[in-house]
Every structure is written in C-alpha cells, then in structure tokens.
Amino acid sequence: MPPTESVNGSSSGNGKKNFQPVSGRHGPHLNSRNPYQPVPDFLSNVNSFKIIESTLREGEQFANAFFDTAKKIEIAKALDDFGVDYIELTSPAASEQSRLDCEAICKLGLKAKILTHIRCHMDDARIAVQTGVDGVDVVIGTSSFLREHSHGKDMDYIHKTAIEVIEFVKSHEIEIRFSSEDSFRSELVDLLSIYRTVDQIGVNRVGIADTVGCASPRQVYDLVRTLRGVVSCDIETHFHNDTGCAVANAYCALEAGATHIDTSVLGIGERNGITPLGGLMARMIVADREYVTSKYKLHKLRDLENLVAEAVEVNIPFNNYITGFCAFTHKAGIHAKAILANPSTYEIINPADFGITRYVHFASRLTGWNAIKSRVEQLDLDMTDAQCKECTAKIKLLADVRPLNVDDVDSIIRQYHFNIKTGNDQPLLKGIEHPAPGIQEAADAGEPAAKKLRRTEPDQDAAKCC
Ligand SMILES: CC(=O)SCCNC(=O)CCNC(=O)[C@H](O)C(C)(C)COP(=O)(O)OP(=O)(O)OC[C@H]1O[C@@H](n2cnc3c(N)ncnc32)[C@H](O)[C@@H]1OP(=O)(O)O
Ligand SMILES: O=C(O)CCC(=O)C(=O)O
Ligand SMILES: [Zn+2]
C-alpha cells in the first residue's frame, strides 16, 4: 500500500496539479549510521555553531529592501522565534530612523542577542553603544583595494583605531567583534597581525569576510584553520555568494573551527547576497540533525522566508533549499517507485522536519506503473498490477501528446477502472473532456478536484511504506 498524506505543502504551484503528496519515514540509515556525518575533528564546530542573522543589516543592503519600523520588528520577532542566536542590525550611524529602529528592537526583550554593525570609527562607536545593543560588530577593509579606494588608511592606522574603538566598546560592557572586510584579498601577514592584536585586547570574536564572494571552500578552510591557531576568541565568518560558494564556504569554515556563521533570510544582501539561512539549515541538518532540530524551529522556515520575500517583493525561487516548490517533488518513474518504498532512497533531508510535504509527480510520460498504482490506491480503486501497467501505458500515450495534470490522469484511471469493472469499452480519452465520476462533484463543492479526492490519513499509510 503506498503512502498518502494531506495537502499542506508546495504552496507556490506550477499552475498544474500533477503530483500527489506522499509520506513515509526515512530509512534507518539517517538515524543509525549517518554516511553524511562530518569528518571527525576536535576543532570542528559543525556540531555546535551559532548563527548571526543579518537580514536586518546585510539584508537591508539588498537592492529591493526597504524595511519600515513595523516590518523590522516583525522580522526580528520571527527570527527570534526561529531560534537564531544573534540578530545584526544596520548601523545606527546610517540614518536617524536606523538609530531609532535599533533602539526599538533592543527594547523588545528578545531571546536573541542584538548586535549592530559599524565602521571602525569612534563616531559610529559612540552612537552604537547608546542604542542598548548587546554587542557591536566593527569592520574595516584590509585588502589593498579597500585601503586604497575605500577608506584610504594604512595598517598602522587600522591597528591604532581598532584598539581605540574596541576598548571604548568594551568599557560599556557589551560584546565586541572585530572583522576585516575583504579578508580573502588581504595579505595574510596583515590579517594575522591585526587579529592577534585585537584578540589580545579581548574581543569576543574576530570576523573573516569574503566580501566579494571570491573564496573557494579550500581557501576558507585554510584561512580559518590558520587563524584558529593564532587567536583564542570565537571566529565569525561572512560569505558572499557571487560564485555560488556561500553555503559550502560556511560549512568549511565550521569544519576548520569557525564558531559563528552570518546568514540572511533567502540570502538577501549586497549584489546576489550571502549564505542563506535556509541553505545553511539544509546543509547542517544533514551533518547533525539532532543539533539543528533541537535548536531551530525548522517548521517556521517557510513562513519566515515568505515574510521576507513579501517585504522585499521577490518570489521564492523554484529551486530554493527546502522551500522551493519542487524541492521534495519526485518525478521520474524510477525515483517515484523507490521513494514510495523508502524516502531515503532519493532524499537526504526529511521534509517533515520542516513541516513540508513530499510529492510524487505522476502526470507525465516519465511516470511508471508503481506511481500510478499508488495513485489508484489513493483513489480507492481496485486494480491488479497488470491493469495498473496497462493503464500506465494509456496515460503515457496522452502524455506524449501534451502536458497532463492530475485531473487528466485521474480521469483516465477512473475511466479505465469503469471499463474493466463494467466490461464497457468507452474510449479512455473521453474522460479528459468529461470528468469522471467524483471529479465533477468535487469541483462543484468549490474545491480543486484532486485535492478533494486525496486521502488524509498520512500516518496510517506512511507506516506501511517504510
Ligand atoms: C561590506 C559591507 O557591507 S560594510 C557595511 C556597509 N554598511 C553601510 O555602508 C551602512 C550604510 N551606510 C551609510 O549610511 C553611509 O555610508 C555612512 C553613514 C556609513 C557613511 O556615510 P558618508 O559619511 O556620507 O560617507 P560615504 O558613504 O560616502 O563613504 C563611506 C565613508 O566611510 C569611510 N569608511 C569606509 N569604510 C570604513 C571603515 N570600515 N571604517 C572607517 N571608515 C570607513 C570612507 O572612507 C568614507 O569616508 P569619507 O568619504 O569621509 O572619506
Ligand atoms: O562585518 C563583517 O564581517 C562583514 C561585512 C560585510 O558585509 C562584508 O564584508 O561583506
Ligand atoms: Zn556582506
């Protein structure tokens, strides 16, 4: 008996309802012997990382972003509820409203610590410490590009000012992090020297930033591992996604001993953004499901992404980690058969961990008799395997001619079933123009027919599948 499940996932459809939801427990390997488990290494923090969520700082630098106070508060509360460790806010030096918003969020009494992000400058630091934040993230460019063309200061100036700003912030008894902007295009000797200096005067964290998204995972591993041997404080990392490495780089940073990862919801930020919160969750749940599920409310991810997507007027991409509309949809017959038997065959992440439904797409010429048999059972029809195979062949005939949706296939199945039970020989394709019994009533009741006809006792049937 194939598994069934009520419809609650796949919100942003593709316009055609041509798949069915299925449930089923993942096979035993994810619990007993995890082949994806991290390489054992005592410096690795893959099992104990923290998130510095920067939707309200880096994310505000996204081209489309404008967050009014109410929206910032809504997002901050949603991030806090999700379980992020820190929420980073735009510099209060950016504008008067930014300063007021920072103060307002500090007063919310959230569980997450509130940070603000400033230039390595006493003017900014003086404003920041008055806002009520739990900590200040200080940054200054150390690459020759930024030293020459951005702030125009040399490494001596950076050392001197960093010490002044750090000691000032520390004197207010809040957290302080020092970060080098454009770390991967900076001289290693400059980096290690400034990090050693700030570590010795007692920063809580140092930060490495791949500001232009140029770093590869191996470069990240090397730099973080080297830095791990030089400083005793925590190591935060920040990865832009220009070359598609933002999630991989975050993972490698943790393997090398970084303690904190910067994220934003949907990855929004300057240019094409940074490590997305959802992408990081996808990566980390595979590495340590226990840690991730115990710390973060994963079933809130979709709502959080929808909130931010709406605020910045973008759609969730079809291939988004976890929440993209087809992230857990299985189409080819070979895949569908195996998924129905055991979802671990073609899934490394269990969608149920995120409150999301898995689907089998059966309305195409790539379907197979096992998927159709599953649908037949969902429709409560009685057909032998041989009949399911014959019916599948009929479905493929039409699927070769045009795209099908679930109603088309259900009609063919119902007509085929009617014919074999009554000895009738009505042409199968007639059911396409004239919905088979059951479809019309459902439509009349104001519900999508396919939805109405799906069964909703997932647990009972899912148990049989695994
Ligand atoms: C990689 C990142 O994302 S870093 C974070 C980026 N965030 C922001 O920029 C926050 C929003 N920014 C702003 O509102 C404005 O840029 C402000 C308020 C910070 C500065 O505004 P302005 O004084 O008008 O300067 P402007 O934005 O044109 O240029 C940046 C200034 O900061 C200086 N600067 C740049 N980076 C740093 C740094 N890390 N530390 C100290 N000073 C810096 C530059 O030298 C330049 O100053 P100058 O033109 O007086 O020499
Ligand atoms: O402060 C940091 O570590 C990162 C700043 C930033 O956004 C960047 O360098 O891209
Ligand atoms: Zn950035």
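Owing to the predicted nature of the structure, the values given are computational and were not obtained by experimental measurement. (Residues numbered from 1 in each chain as written. Chains lettered and ligands numbered in written order. Predicted model: local features only at pLDDT ≥ 70, side-chain atom pairs only at ≥ 80, totals over all residues. Heavy atoms only, no water.)

### Comments concerning the confidence of the model for the chain
In regions of low pLDDT, the predicted coordinates are not meant to be interpreted in detail.
Right, on to step 1. Per-residue confidence for the chain gives a mean pLDDT of 88; residues scoring 70 or more make up 85%.
Right, on to step 2. When the criterion is pLDDT under 50, residues 1-17 qualifies, and its contacts beyond four places in sequence or with other chains add up to 62 contacts.
Right, on to step 3. Low pLDDT (under 50) marks residues 433-466, which in the prediction has 66 contacts with non-local residues, meaning those over four places away or in another chain.
Right, on to step 4. Scoring the predicted complex yields pTM 0.89 and, for the interface, ipTM 0.98. (pLDDT = per-residue confidence, 0-100. Contact = heavy atoms within 4.5 Å.)

### A look at the site of ligand 2
Right, on to step 1. Taken together, Arg 57, Glu 58, His 117, Val 139, Arg 177, Ser 179, Glu 181, Ala 209, Thr 211, His 238 and His 240 form the complete shell of residues around ligand 2.
Right, on to step 2. A distance of 2.7 Å separates an oxygen atom of ligand 2 from a polar atom in the side chain of Arg 177.
Right, on to step 3. Surface burial for ligand 2 is 94%, taken as the share of its 290 Å² of free accessible area covered by protein chains.
Right, on to step 4. Sort the elements by how many residues they give to the shell around ligand 2 and strand S6 (residues 175-181) lands first, with 3 residues.
Right, on to step 5. Within the shell around ligand 2, the residues separate by chemical class into 2 nonpolar, 5 polar and 4 charged. (Near = heavy atom within 4 Å. Polar contact = N/O pair within 3.5 Å; in protein donor to acceptor, adjacent residues only side chain to side chain. Areas by Shrake-Rupley, 256 points an atom, 1.4 Å probe, with all protein chains shown as cover. Helix = DSSP H or I, 4+ residues; strand = E, 2+ residues; numbered from the N terminus. Nonpolar A, V, L, I, M, F, W, Y, C, P; charged D, E, K, R; others polar.)

### As for the pairing of strand S11 (residues 358-361)
Right, on to step 1. What you see with S11 is no split at all: Arg 358 and Val 360 on one side and Tyr 359 and His 361 on the other are buried throughout.
Right, on to step 2. Alignment of strand S10 (residues 329-330) against S11, held across 2 bridges, turns out to be parallel. Note on S11: the bridge partner recorded for Thr 329 is Tyr 359. (Buried < 20%, exposed > 50% of the residue type's maximum accessible area, 1.4 Å probe, protein only. Pairing = 2+ DSSP bridges.)

### Notes on the coordination of the zinc ion (ligand 3)
Right, on to step 1. For the zinc ion (ligand 3), the protein coordination sphere consists of Glu 58 (OE), His 238 (NE2) and His 240 (NE2), at 2.0 to 2.1 Å.
Right, on to step 2. Linear spacing of the donor residues for the zinc ion (ligand 3) on their chain is E-x179-H-x1-H.
Right, on to step 3. Assessed through its relative accessible area of 3%, His 240 is described here as buried. (Donors = N, O, S within 2.8 Å, 3.2 Å for Na, K, Ca; no water.)

### With respect to the UniProt feature "domain: Pyruvate carboxyltransferase" (unreviewed entry) in the chain
Right, on to step 1. When the UniProt feature table is mapped to this numbering, "domain: Pyruvate carboxyltransferase" (unreviewed entry) covers residues 49-302.
Right, on to step 2. Helix makes up 43% of residues 49-302 and strand 18%. Its end C-alpha atoms lie 22 Å apart. (UniProt positions renumbered as here; feature names shortened; annotations may be inferred.)

### Here's the deal with the packing of aromatic side chains
Right, on to step 1. Within this structure, the stated rule accounts for 3 aromatic pairs.
Right, on to step 2. Here the aromatic rings of Phe 49 and Tyr 291 are separated by 5.2 Å at their centres, their planes lie at 65 degrees, and the arrangement is edge-to-face. Of the two residues, Phe 49 is situated in the loop between helix H1 (29-32) and strand S2 (50-53) and Tyr 291 in helix H11 (residues 289-295); the sequence distance between them amounts to 242 residues.
Right, on to step 3. Among the residues examined, Tyr 291 registers a relative accessible area of 18% and is labelled buried.
Right, on to step 4. With a centroid separation of 6.3 Å and an interplanar angle of 20 degrees, the aromatic rings of Phe 49 and Tyr 296 are classed as stacked. (Phe/Tyr/Trp six-rings, centres within 6.5 Å; stacked < 30°, edge-to-face > 60°.)

### Re helix H3 (residues 96-106)
Right, on to step 1. Looking only at H3, the buried set comprises Ser 98, Asp 101, Cys 102, Glu 103, Ile 105 and Cys 106.
Right, on to step 2. Here the buried face of H3 lies against helix H2 (69-82), strand S3 (86-89) and strand S4 (113-119).

### What about the packing of helix H13 (residues 333-341) against helix H14 (residues 369-378)?
Right, on to step 1. Two elements in contact, H13 and H14, have axes separated by 7 Å at closest approach and are oriented at 50 degrees. As far as their axial angle goes, H14 and H13 are oblique. Touching Ala 336, Lys 337 and Leu 340 of H13 are Asn 370, Ala 371 and Ser 374, all from H14.
Right, on to step 2. The residue inventory of the contact of H13 with H14, partitioned by class, reads 3 nonpolar, 2 polar and 1 charged. (Axes fitted to C-alpha atoms, helices over the stretch in contact; angles between N-to-C directions. Parallel < 35°, antiparallel > 145°, perpendicular 65-115°, else oblique.)

### Looking at the pairing of S4
Right, on to step 1. Among the 7 residues in S4, 5 count as buried, and that is most of the element.
Right, on to step 2. The β-α-β motif built from S3, the intervening H3 and the parallel element S4 has right-handed crossover chirality.
Right, on to step 3. Pairing analysis gives 5 bridges linking S4 to strand S5 (residues 135-141), with the strands arranged parallel. Its bridge partner being in S5, Thr 116 is matched across the sheet by Val 136.
Right, on to step 4. Regarding topology, helix H4 (residues 122-128) serves as the crossover connection from S4 to the parallel S5, and that connection is right-handed. (Right-handed = clockwise from strand over helix to strand, strands pointing away.)

### Concerning the pattern of salt bridges
Right, on to step 1. Evaluation of the coordinates by the stated rule reveals 29 salt bridges.
Right, on to step 2. Glu 96 is paired through a salt bridge with Arg 99; the nearest N and O atoms lie 2.8 Å apart. Taken together, the positions of Glu 96 and Arg 99, both in helix H3 and 3 residues apart, correspond to about one turn of that helix.
Right, on to step 3. Among the residues examined, Arg 99 registers a relative accessible area of 23% and is labelled partly exposed.
Right, on to step 4. Salt-bridge contacts for Arg 147 lead to Asp 190; the nearest nitrogen and oxygen are separated by 3.2 Å. Here Arg 147 is found in helix H5 (residues 144-149), whereas its partner Asp 190 is found in helix H7 (residues 188-200), with 43 residues between them in sequence. (Salt bridge = Lys/Arg side-chain N within 4 Å of Asp/Glu carboxyl O.)

### Focus: the site of ligand 1
Right, on to step 1. Taken together, 13 residues lie around ligand 1, and Gln 61, Arg 119, Val 139, Ile 140 and Glu 181 are the ones closest in.
Right, on to step 2. Within the side chain of Arg 57, one N or O atom sits 3.4 Å away from an oxygen atom of ligand 1.
Right, on to step 3. Cys 120 is positioned such that a nitrogen or oxygen atom in its backbone is 3.2 Å from a nitrogen atom of ligand 1.
Right, on to step 4. Its free accessible area being 1000 Å², ligand 1 has 51% of it covered by the protein chains.
Right, on to step 5. For the shell around ligand 1, the secondary-structure elements that each account for two or more residues are S4 and S5.

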